[in-house]
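For reference, the chains in residue letters:
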Amino acid sequence: LNCCDHEGADTTTKFTHQVPMIRMTPFRRTAFLLLAVVSVILSTEAFQTSPITTKSIGRNPSCRFTSEHQTDSQASSSPSSSRSIVSLIENGNLDDALSMLQNVDGGGDSIPASTYHAVIEACCAGKVERHNNKKYNKNNSSSNNNNKSAMDKINEAADLLTAMGEEVTSHAYETLISGYARRGRWQDAYRTLAALEEKFGSSDDKDNAVPSLNVYQTVLVAFVEAGEYDHMNSLLTRMRRRGVRPTVFTYNSLLKICAQTARWREAVSILSQCQREPGVNPDLVTFTSTIRACARARKTDKAMEIFRVVKDMGVKMDVYCYTTAMDACAKGRRWKVALSLLDEMKEKGIEPNEVSYGVAVSACGNGGQWEKALELLEQMRKENMKINTITYNSAIAALAKAARSESRQQRRYDYKPGGGWSKVESSNPAYNDSDLWKKALDLVDCMEKEGVRRDSFTFSSAISTCGAAGRWQESLDLIDAMKRVTKPNKIAYTSAITACANSEKWEPAFELFNDMKNDGLQPDLVAYNALINAGTMSNQPEQVFDLWVEMCNTDKREKVSPDIVTLTEVIATLDRGIGKINRERADKVFAEAVSRGIILKEDSLDSSWEVDLSRMSFPVARAACRFIFRRIANAAKNGDLDVKDFSLITGASKMREYVREVLRDELKPAVFCVVPKLEQGTLQVKEKVMRNYIAGQSD
């Protein structure tokens, strides 16, 4: 007894209490003790199920208890591990759950399918990293395996699907397909769908089709998002053969993607399929989505054609269908049709909402009908409708467009030969006393008072309105106000520079240009042209020439290169300047423009002996004459061409007389020309006169 452990002693004590009281000799005591121990061991369930020998018991009396503990642990390992894995997922520890699942699976224990489902769903629902649908392929998939995101576990989900082996379920496949589709990996989704069909699908099983319609719809949407319409049509055919027929919801899901991406041709094709599908009737959502796709693609005619079909079918219309049709009209600049649809809605008892009015305001804005746009805003206020940022911006944009149109009418300049540029005032008094800029500022103030968010488009449009009216100080004030709300963009800065240009304010324009650079915005061609125009209006030839040189020396990667507008402004500024240096600058600018293909292009109809000047401004035509005759003289001197009659096409206008004066007064020796009787828009220089000019250059 002294040699036994405490638990063994208790057992023996209980045993001895159960036997009759007999005389216990030392031998009998030892025998009873051994019999008690063996009987207890043989009666235990652990001993019956454990391959433990008597020899091992003799070596380690406690081994039976260890074996019993191990068996109980193994029996309960799978349920407890599953609960632990699910708990880790619920707490957001997906990596730990994956690690634990792999360890349990590697230990040979059986893992229920529900645990796999939980982990696969968590992997597929993680951070989505969409791929370029057009370029994604199997090579991309393998590279992702080497560079796995810490959040996106879609590849681990695929590994788990494989690890399930024969116990894999259709639910696991469907979850993985959905995960691939959400990430734009349509090829992987399609491949997994094919595997699901092979394992579970049966064309003979019509009642319980696997895959289900929802799974097919997921892959179809992935195809449409990727622009894979051939695959979409192929899968639709395969679905029908397997007895899974698309529904109107299926087609509406596909049309929704087409509407979002402006794929109007595909939308019309899908609508046609829906109309031909047996047992499927397109609903109002089907038609509205197709109209929206056409509207976003600016296919107004097609959108209105479908809209009329819906009306002729007698389908009950709603506010969304009407608003979508109005949007198509707005994008097609058919503001009258848009307003007629708004009135038609009211007549049919369909109450327009804020979006409907907003689209109507946008239609008026695109059509330059600022009065109508402001009237619609007033109607919205009377009906206590909330006016959002987009609606306000549309009204301000309408004012900006009208202001720019008025500015072109009001600020016209004419060039008088020998007299330079002169401003021509508009005969319309409305153009000379416009207050559109005031209305734009009032709308901006209303937005602030009503708590409506003002964005960069709000300020840019308002600045553009002020700029067209030459209200440079108000433009600067708007720039300051914009800085308190958001960072000014290129459009805002450029519009403010234009305002300074129209007011002949060079210094504030140049300061705005530098502010734009300091804000990290690289000036584009429009910004450069606006500043050059400011230099032109305020007569700054030296600064304008420096800007030309800066543009020509700008890194090509910044995509800032002079165009015909730049050339016209720069030449005009230098032409107005006084002195020989400005003329030499003008000649350098023109020669650079020719080398860049901006003017006198090699692929034009011009030849060495006939040049068209009719579309040039007066200053540019003046510089062109000097350049052309200098080029002819150099070519003739080098023996590169034979001298003959030379023609300049000017048109029967002031240009003809202006060019004649330039040839006579500025070229040395003077070049005299004639006007052919049958070509009144042409000046002709005879061969003899040309030879005389060439000889004069040699001297």
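Relevant structure appears above.
Residues numbered from 1 in each chain as written. Predicted model: local features only at pLDDT ≥ 70, side-chain atom pairs only at ≥ 80, totals over all residues. Heavy atoms only, no water.

(A) Structural detail: the pairing of strand S5 (residues 682–685). Residues Thr682 and Gln684 of S5 are buried on one face, and the alternating residues Leu683 and Val685, pointing to the opposite face, are buried as well. Bridge count for strand S4 (residues 646–649) against S5 is four bridges, and the pairing is antiparallel. Note on S5: the bridge partner recorded for phenylalanine 646 is valine 685. (Buried < 20%, exposed > 50% of the residue type's maximum accessible area, 1.4 Å probe, protein only. Helix = DSSP H or I, 4+ residues; strand = E, 2+ residues; numbered from the N terminus. Pairing = 2+ DSSP bridges.)

(B) Spotlight on the pattern of salt bridges. For the structure shown, the criterion picks out 28 salt bridges. Residue aspartate 587 pairs with arginine 630 through a salt bridge whose shortest N-O separation is 3.5 Å. Pair noted here: aspartate 587 is in helix H32 (residues 580–595) and arginine 630 is in helix H33 (residues 618–637), with a separation of 43 residues, a long-range link. A salt bridge links glutamate 687 to arginine 691; the nearest nitrogen and oxygen atoms lie 3.1 Å apart. Here the residue glutamate 687 and the residue arginine 691 both occupy positions in helix H35 (residues 687–698), the gap between them amounting to four residues, near one helical turn. Look at arginine 691 and you get partly exposed, because its relative accessible area is 45%. Connected via shared salt-bridge partners are Asp575, Asp587, Arg622, Arg626, Arg630 and Glu666. (Salt bridge = Lys/Arg side-chain N within 4 Å of Asp/Glu carboxyl O.)

(C) Molecular detail of the packing of aromatic side chains. Taken as a whole and assessed by the stated rule, the structure comprises eleven aromatic pairs. Here the aromatic rings of tyrosine 190 and phenylalanine 223 are separated by 5.2 Å at their centres, their planes lie at 75°, and the arrangement is edge-to-face. Of the two residues, tyrosine 190 sits in helix H11 (residues 186–200) while phenylalanine 223 sits in helix H12 (residues 213–226), which places them 33 residues apart along the sequence. A cation over a ring is seen here: lysine 199 above phenylalanine 200, with NZ or CZ 6.0 Å from the ring centre. (Phe/Tyr/Trp six-rings, centres within 6.5 Å; stacked < 30°, edge-to-face > 60°. Lys NZ or Arg CZ within 6 Å of the ring centre and 35° of its normal.)

(D) Examining the nonpolar core more closely. In this structure, Phe629 and Phe646 are the most contacted members of the largest nonpolar core, which totals 134 residues. Counting 57 residues, the second-largest nonpolar core is a separate cluster that includes Tyr173, Leu220, Val244 and Cys258. (Core = buried A, V, L, I, M, F, W, Y, C linked by side-chain atoms within 4.5 Å.)

(E) Representation of the sheet that holds strand S3 (residues 610–612) within the structure. Across the sheet, three strands lie side by side as S3-S4-S5; this open sheet has mixed pairing. A strand with exactly one partner marks an edge of an open sheet, and here the two such strands are S3 and S5. Adjacent strand axes in the sheet meet at a mean angle of 15° when their direction is disregarded. Here S3 runs beside S4; their pairing, made up of three bridges, is parallel. What sits directly across from valine 611, in S4, is leucine 648. Together, S3, S4 and S5 form the strand contacts of H33, whose direction differs from that of S4 by roughly 160°. (Axes fitted to C-alpha atoms, helices over the stretch in contact; angles between N-to-C directions. Contact = heavy atoms within 4.5 Å.)

(F) Region of interest: the packing of H11 against helix H13 (residues 229–241). Between H11 and H13, whose axes approach to 13 Å, the crossing angle comes to 15°. On the basis of the axis angle, H11 is roughly parallel to H13. The crossing of H11 and H13 is left-handed. Residues Trp186, Tyr190, Leu193 and Glu197 of H11 form the contact with H13, whose own contacting residues are His231, Leu235 and Arg238. Looking at side-chain class alone, the contact of H11 with H13 contains four nonpolar, one polar and two charged residues. (Parallel < 35°, antiparallel > 145°, perpendicular 65-115°, else oblique. Left-handed = near helix turned anticlockwise from the far one by under 90°. Nonpolar A, V, L, I, M, F, W, Y, C, P; charged D, E, K, R; others polar.)

(G) Fine view of helix H21 (residues 370–382). In this model, H21 (13 residues) spans 19 Å end to end at C-alpha, consistent with the 18 Å of a helix rising 1.5 Å per residue. Turning to H21, its buried residues number three or more, namely Trp370, Ala373, Leu376, Leu377 and Met380. Angularly, the buried residues of H21 cover 120° about the axis, an arc narrow enough to put them on a single face. Just beyond H21, the residue with positive phi is asparagine 384, at close to 55°. (Expected span 1.5 Å × (residues − 1). Arc of directions from axis to C-beta.)

(H) Here's a closer look at the side chain of threonine 465. Looking at where threonine 465 falls in the secondary structure, it is placed in helix H25 (residues 456–468). Every residue in contact with threonine 465, bar those within four places of it in the chain, is listed here: Ile396, Leu399, Ala400, Ala403, Leu436, Trp437 and Ala440.

(I) Quick look at the environment of leucine 547. By the secondary structure assignment, leucine 547 is in helix H30 (residues 541–552). When the C-alpha atoms of leucine 547 and asparagine 529 are compared, they prove to be 9.3 Å apart, with 18 residues separating the residues in sequence. Once residues within four sequence positions are removed from consideration, leucine 547 is found in contact with Trp506, Tyr528, Leu531 and Ile532.

(J) Structural view of H30. Given a rise of 1.5 Å per residue, twelve residues ought to cover 16 Å, and the 17 Å separating the end C-alpha atoms of H30 matches this to within 8%. Listed as buried for H30 are Pro541, Val544, Phe545, Leu547, Trp548, Met551 and Cys552. Buried residues of H30, seen end-on, are gathered within an arc of 155° and therefore sit on one face of the element. Its buried side turned inward, H30 meets helix H28 (506–518), helix H29 (525–537), helix H31 (564–576) and H32.

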